[in-house]
Amino acid sequence: MDAKDLLIEELQTENKALKETIKALEEKIARLEKNSNNSSKPPSSDIVKPKNPTQKSKRKKRKRGGQFGHHKFSRQSFEPEQVDETFEYELNSKDAAGLQPLDEWYVVQQIHLPETMYRVVEHRARKYLDPATGKTHIASLPDEILKGGLLGTDMTAAIAFLKGGCHMSYTTIQQLFKELFRLDLSRGLLCKATHKVSQVLHSPYQQLADRLPHEAYLGVDETGHHDDGKLHWAWCFQTPAYSVFHINPSRGSEVLETTLGADFKGLIGADYWGAYRKYARLFNVRMQYCMAHLIREIRFLAEHRTKTLSRWGKQLLNWLKDLFKTLHRQDRYTAKGFARRMTRIKHEFLRRMRRPPNHPLAPKLARRFKGENAEDYFRFLTKPEVEPTNNSTEREIRHAVIDRRITQGTRGQTGMHWCERIWTIIATCKKQNRNVFEFIHQSVLAHWNNAPYPQFL
């Protein structure tokens, strides 16, 4: 081999190495460009860059206050029976000279805090002496009084509502009572009150948890939760009527198997996380994978620097846009016309999906739609009760995420049980348009008086 051939071979080897380096760098750049719009990353992970002041925003800046065409909202006045005190103002005789008083008033209603924000009720049980034995007997007090101790049912429920529903720490609750109520309560007493409520809520929580395996459709999602500094996972199982939270050290399929069982006959709506896929594969469970997550993944491909991959991604996005545009305009079609159009869009999307370009990222996505697996993305087309995305479950889990950021997690099994139960009660009351505080209060009353609990189902 002469010098020229050696030089050519060396250049080819170097060229090949450079191409591999360039490809690796492109992939690295693509991964760095992932954000909440083109992947499953949360919005909080996005890197916010300041806008260039020389560039004018394409979006018209919204004016402050009510927008044009917005109907003014005026609060309804309190009814006469709701008014606690009335003051009347009239002109003096000099200013009212020559004027005829009318039986009409200009009314301004004002809300005030009471002078004392709490009541102290003393319960006395008379003592009796038995002269024959010298033994003292005490009259019985109601169970509600004995179990409540210093804090009554309404005060106990209020502390639990502030802690679980308003994301308040014990220190913040303590400050609220001290500054506003002028009532000094220790952190230990506040903590004890929430533990009592947690025990009270065990029954309604378990009732909902036991119902999960029998549901026809469940939305499921999970988010991180720290207990004593160790990573756990807060799972959310939700239906249109109720939600159930469960904290577990695992993010795996065994949580689904324990919670729903091996004989679950319903349908699960979730993202494409491996735990759901494994559970579905092991126990032949039908899935509806989130279309919103799929769209973000395809958008990442459409924004890729590789032209063939980008072109493929844009074509897939166009078919999905057409699908959802048709879905939102369903009322404009006949039932047969709508089904026919959606079938055509689905067929064209799958035809294009199953012909991926020669790029490592493309076949990986295309494999999800191989054979009958594709139905796990399109079950919502034939089942109106099934949502195409798991957005509603993500909204349910938002309360737990906010709680995690404020409280920094829990410190033991007792705290995790409290979070599971109060999050479940809050989410379910919201779905059923029920007052959270009132439900907690009625549950405490029922538990302490051995009476029937308020029911969710």
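Numbering of residues starts from 1 in every chain and runs along the sequence as written. Predicted model: local features are reported for residues with pLDDT of at least 70 only, side-chain atom pairs are reported and counted for 80 or more only, and whole-chain, interface and lining totals are derived from all residues. Side-chain metrics rest on all non-hydrogen atoms present in the structure, leaving aside hydrogens and water.

1. Things to note about the overall build of the protein chain
Comment: elements are numbered from the N terminus, with helices defined as DSSP H or I runs of at least four residues and strands as E runs of at least two. A count of helices and strands for the protein chain gives 16 helices and seven strands. Taking 23 Å as the expected radius of gyration for a compact globule of 457 residues, we find that the protein chain reaches 32 Å, considerably beyond that expectation. The principal-axis extent of the C-alpha atoms belonging to the protein chain is close to 120 × 85 × 55 Å. In the protein chain, which comprises 457 residues, the share counted as buried stands at 37%. Excluding contacts between residues fewer than 6 apart, the proportion of contacts in the protein chain whose partners are at least 24 apart in sequence is 60%. We compute the radius of gyration over the C-alpha atoms and compare it with the globule rule, which gives 2.2 Å times the number of residues raised to the power 0.38. The buried label goes to any residue with under 20% of its type's maximum accessible area, the exposed label to any with over 50%, and the partly exposed label to all in between, with areas taken from a 1.4 Å probe on protein chains only. Residue contacts are counted whenever heavy atoms from the two residues lie within 4.5 Å of one another.

2. A short note on a negative patch on the surface
A cluster of acidic residues, Asp-2, Asp-5, Glu-9, Glu-10 and Glu-14, forms a negative patch on the protein surface. Positionally, Glu-14 belongs in helix α1 (residues 3–32). Taking relative accessible area as the criterion, Glu-14 reaches 45% and is therefore assigned partly exposed. By definition, no residue in a patch forms a salt bridge, and every one has over 30% relative accessible area; like charges are joined within 9 Å, nonpolar side chains (Val, Leu, Ile, Met, Phe, Trp, Tyr) within 5 Å. Working definition of accessibility: Shrake-Rupley area with a 1.4 Å probe, residue cover restricted to the visible protein chains. What makes a salt bridge here is a side-chain nitrogen of Lys or Arg within 4 Å of a carboxyl oxygen of Asp or Glu, nothing more. A positive count includes Lys and Arg, and a negative count includes Asp and Glu. His and the chain ends are not counted in either. Each charge is placed at NZ for Lys, CZ for Arg, CG for Asp and CD for Glu.

3. Things to note about the packing of aromatic side chains
Pairing of aromatic side chains here covers Phe, Tyr and the six-membered ring of Trp, requires ring centres within 6.5 Å, and sorts the geometry by plane angle: under 30 degrees stacked, over 60 edge-to-face, intermediate tilted. Going through the model one piece at a time under the given rule, you end up with 13 aromatic pairs. Measuring from centroid to centroid gives 5.7 Å for Phe-245 and Trp-423, while their planes differ by 70°, and the two rings are edge-to-face. Here Trp-423 lies in helix α15 (residues 413–431) and Phe-245 lies in strand β5 (residues 243–248), a separation of 178 residues in the sequence. We classify Phe-245 as buried; its relative accessible area is 1%. Ring geometry for Phe-369 versus Tyr-377: centroids 4.9 Å apart, planes at 20°, classification stacked. As far as the burial class goes, Phe-369 and Tyr-377 line up, both buried. Joined through ring pairs, the aromatic side chains of Tyr-272, Tyr-289, Phe-349, Phe-369, Tyr-377 and Phe-378 make up one cluster. It is Arg-251 that lies over the ring of Trp-273; its NZ or CZ is 3.8 Å from the centre. Whether a charge sits over a ring depends on NZ of Lys or CZ of Arg being within 6 Å of the ring centre and within 35 degrees of the ring normal.

4. Brief notes about the pattern of salt bridges
Tallying each qualifying case throughout the model produces eight salt bridges. As a salt-bridge pair, Glu-375 and Lys-346 come within 2.6 Å of each other at their nearest N and O atoms. On the criterion of sequence distance, the pair formed by Glu-375 in helix α13 (residues 375–378) and Lys-346 in helix α11 (residues 335–353) is long-range, its members being 29 residues apart. A residue is classified by how much of its surface remains accessible, and Lys-346, at 18% relative accessible area, is buried.

5. Overview of the pairing of β5
Extensive coverage of β5 is indicated by the burial of five of its six residues. Each pair of strands is called paired provided DSSP finds at least two bridges between the two strands. Both strand β4 (residues 230–238) and β5 contribute to a ladder of six bridges, which runs antiparallel. In the sheet register, Trp-233 faces β5, and the bridge partner there is Asn-248.

6. A short note on the confidence of the model for the protein chain
Per residue, pLDDT measures the predictor's confidence, with a range of 0 to 100. Of the residues in the protein chain, 92% have a pLDDT of 70 or more, and the chain-wide mean is 90. At the level of individual helices and strands, the protein chain shows its lowest average pLDDT in α1, which scores 72, and its highest in β5, which scores 98.

7. Section: a positive patch on the surface
A surface patch of like charges, here positive, comprises Lys-321, Lys-325, Arg-329 and Arg-332. When you line up the elements, Arg-332 lands in the loop between α10 (307–328) and α11. Using a relative accessible area of 64% as the deciding quantity, one classes Arg-332 as exposed.

8. Description of helix α7 (residues 253–260)
Residues of α7 that are buried: Ser-253, Val-255, Leu-256, Thr-259 and Leu-260. Burial along α7 is one-sided: seen end-on, the buried residues are contained in an arc of 150°. Tucked into the core, α7 has its buried residues touching β3 (217–227), β4, β5, β6 (267–270) and α8 (274–283). Taking the helix axis as origin, the arc is that swept by the directions to the C-beta atoms.

9. Regarding the packing of helix α3 (residues 153–165) against helix α4 (residues 170–181)
Where helices are involved, their axes are fitted lines through C-alpha atoms of the stretch in contact, as for all axes, and angles between N-to-C directions lie from 0 to 180°. For the pair α3 and α4, interaxial distance at closest approach is 10 Å and the crossing angle is 130°. Considering their axes alone, α3 and α4 lie oblique with respect to each other. When the axes of α3 and α4 are compared, the crossing they make is right-handed. Where α3 approaches α4, its residues Met-155, Ile-159, Leu-162 and Lys-163 are matched on the opposing element by Tyr-170, Ile-173, Leu-176 and Phe-177. Throughout, the ten residues Ala, Val, Leu, Ile, Met, Phe, Trp, Tyr, Cys and Pro are labelled nonpolar, Asp, Glu, Lys and Arg are labelled charged, and all others, Gly among them, are labelled polar. Split by residue class, the contact of α3 with α4 holds seven nonpolar, no polar and one charged. Every angle not falling under 35 degrees, over 145, or within 65 to 115 is termed oblique; those three ranges are roughly parallel, roughly antiparallel and roughly perpendicular. In this scheme, a crossing is called left-handed if the near helix is turned counterclockwise away from the far one by less than a right angle; it is called right-handed if the turn is clockwise.

10. Description of the packing of α7 against α8
Where α7 meets α8, the closest approach of the two axes is 8 Å, and the angle between their N-to-C directions is 55°. Taken as axis vectors, α7 and α8 run oblique relative to one another. In this structure, α7 crosses over α8, and the sense of that crossing is right-handed. For the pair α7 and α8, contact is made by Ser-253, Leu-256, Glu-257 and Leu-260 and by Ala-275, Tyr-276, Lys-278, Tyr-279 and Phe-283, respectively. Within the contact of α7 with α8, the residues separate by chemical class into six nonpolar, one polar and two charged.

11. Thoughts on the pairing of β3
Among the eleven residues in β3, ten count as buried, and that is most of the element. Relative to β6, β3 runs parallel, the two sharing three bridges. What sits directly across from Tyr-217, in β6, is Leu-267. Of the strand pairs in this sheet, β3 and β4 are connected by nine bridges, and their pairing is antiparallel. Paired with Gly-219 across the bridge in β4 is Gln-238. Linking β3 back to β4 in an antiparallel pair, the connection comprises two residues, with Asp-228 at a positive phi of about 55°.

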